[in-house]
Amino acid sequence: GSYLSAPAGGSYTNTVNPGDAVTTDDFGFAYNGAIGDTVFNDVNGNGVQNVGEAGIPNVTVLLKDGSNNTIRVLATDALGKYLFKGLSDGTYTVVVDTTTLPAGWVQTADPDQPGVTCTTCDSQGTATISGGNQVLTQDFGYRAPSVTTYSVSGTVWNDADKNGAINGGEAG
C-alpha cells in the first residue's frame, strides 16, 4: 500500500543539458496500511467485545512480517487499543505477549475466529495489507480466571453448658 507522495501528478519536467545535475526533484513513497484494534476483558467469555467490556491497558502487542521477524512492538492504550500504522503491502502476524496480561487470564477471542469463543486460542492473528488498506479487526479477548465461591452456614450460639449442642435456653 504505497502511493507517490510528491510531486503532484507524479512527474517533473526539466530541461537538462549534458553535464547538468538535477538535484531538486524528489520522489517519495508513503505507506498507508494499518493493522490494529483491541485487547479486551471478555467478561462473559463469548468471544465478542460486548457493551461494558473494557479494553485491557498496557498489554504488549508485536507485529511480525512474512518471515516471522518482529518489526514493531506497541503497548495497548488505556482503552486496550493498539494501531500499527504506515505499513506497506504484505501479510503480517499480530501477536499478544501473554506475559503482559494480568496473571491467570485465559484467551476467549481470537481474530482468526471472529464472533465466537475461540477454539484455537493462540494469541495471534494474520492480516494482509493490500493497496494501503486498514485491517482493524485484530481483536483479542481474555477472561479473568474463574473464582470458586464456597458458602458456610450454621448457627452461632452461646453454649452455656459447654456440651457442643444447642440445648433449650441457649440463645442462637
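These numbers come from a predicted model, not from an experiment.

Novice: Even after reading the chapter, I still don't get the side chain of E53, so can you show me in this structure?
Specialist: By the secondary structure assignment, E53 is in the loop between β3 (33–41) and β4 (60–64). Within the local environment of E53, its side chain forms a polar contact with the backbone nitrogen of V43, the two atoms lying 3.0 Å apart. Residues within four places of E53 in sequence aside, it is in contact with F40, N41, D42, V43, N44 and V48.

Novice: Help me understand the packing of aromatic side chains, please; the structure alone is not making it clear to me.
Specialist: Each pair of aromatic rings is reported with the distance of its centres and the angle of its planes. For the coordinates displayed, the defined rule picks out one aromatic pair. With 5.8 Å between their ring centres and 65° between their planes, Y82 and F84 make a pair best called edge-to-face. A single burial state applies to Y82 and to F84, both of which are buried.

Novice: Got a minute to help me understand the nonpolar core in this structure?
Specialist: In summary, soluble globular proteins display a tendency toward joint burial of nonpolar side chains. In this structure, I35 and V39 are the most contacted members of the largest nonpolar core, which totals 18 residues. When neighbours within four sequence positions are excluded, V39 is seen to be in contact with G55, I56, V59, V61, T76, G80, Y82, V96, L101, F140 and Y142.

Novice: What's the story with the state of the cysteines in this structure? I'm lost.
Specialist: Two cysteines form a disulfide when their sulfur atoms are joined by a covalent bond. Inspection of the entire model under this criterion finds one disulfide. Across a sulfur-sulfur distance of 2.0 Å, C118 and C121 are joined as a disulfide pair. Measuring handedness by torsion sign, the sulfur bridge of C118 and C121 sits at about 115° and is right-handed. Accessibility expressed as a relative area gives 8% for C118, which makes it buried.

Novice: Would you mind going over the sheet that holds strand β9 (residues 124–129) with me for this structure?
Specialist: Sheet strands pair by backbone hydrogen bonding; their relative direction is either parallel or antiparallel. Strand order in the open sheet formed by four strands is β5-β4-β7-β9, and the pairing between neighbours is antiparallel. The open sheet has two edge strands, β5 (70–75) and β9, and neither has a second partner. With strand direction ignored, the average angle separating the axes of adjacent strands in the sheet is 25°. When β4 meets strand β7 (residues 90–96), the two strands line up antiparallel, connected through four bridges. Of the residues in β7, the one forming a bridge with L63 is V94.

Criteria and cut-off values
- Sequence positions are assigned chain by chain, starting from 1 and proceeding in written order.
- Where local features are concerned, this predicted model is filtered to residues with pLDDT of at least 70; where side-chain atom pairs are given and counted, the filter is 80 or more; whole-chain, interface and lining totals use all residues.
- Side-chain calculation: all heavy atoms of the structure are included, whereas hydrogens and water are not.
- The numbering of helices and of strands both runs from the N terminus, where a helix is a DSSP run of H or I of at least 4 residues and a strand a run of E of at least 2.
- As used in this structure description, the phrase polar contact means that two N or O atoms lie within 3.5 Å; if the pair is within protein, one of them must be able to donate a hydrogen and the other to accept it, and residues adjacent in sequence are counted only when both atoms belong to side chains.
- Note on definitions: a residue-residue contact is assigned when non-hydrogen atoms from the two residues lie within 4.5 Å.
- Here a Phe, Tyr or Trp ring, Trp counted by its six-membered ring, pairs with any other such ring whose centre lies within 6.5 Å, and the pair is stacked when the planes are under 30 degrees apart, edge-to-face when over 60, and tilted otherwise.
- Only protein chains enter the accessibility calculation, which uses a 1.4 Å probe. A residue is then buried if its area is under 20% of the maximum for its type, exposed if over 50%, and partly exposed in between.
- We define the nonpolar core as a collection of buried residues of types Ala, Val, Leu, Ile, Met, Phe, Trp, Tyr and Cys that are connected through side-chain atoms lying within 4.5 Å of one another.
- Defined by distance alone, a disulfide is two cysteine sulfur atoms within 2.5 Å.
- Any two strands are treated as partners once DSSP identifies two or more bridges connecting them.
- As a rule, the C-alpha atoms of each element are fitted with a line to give its axis, helices using only the stretch in contact, and angles between N-to-C directions run from 0 to 180 degrees.

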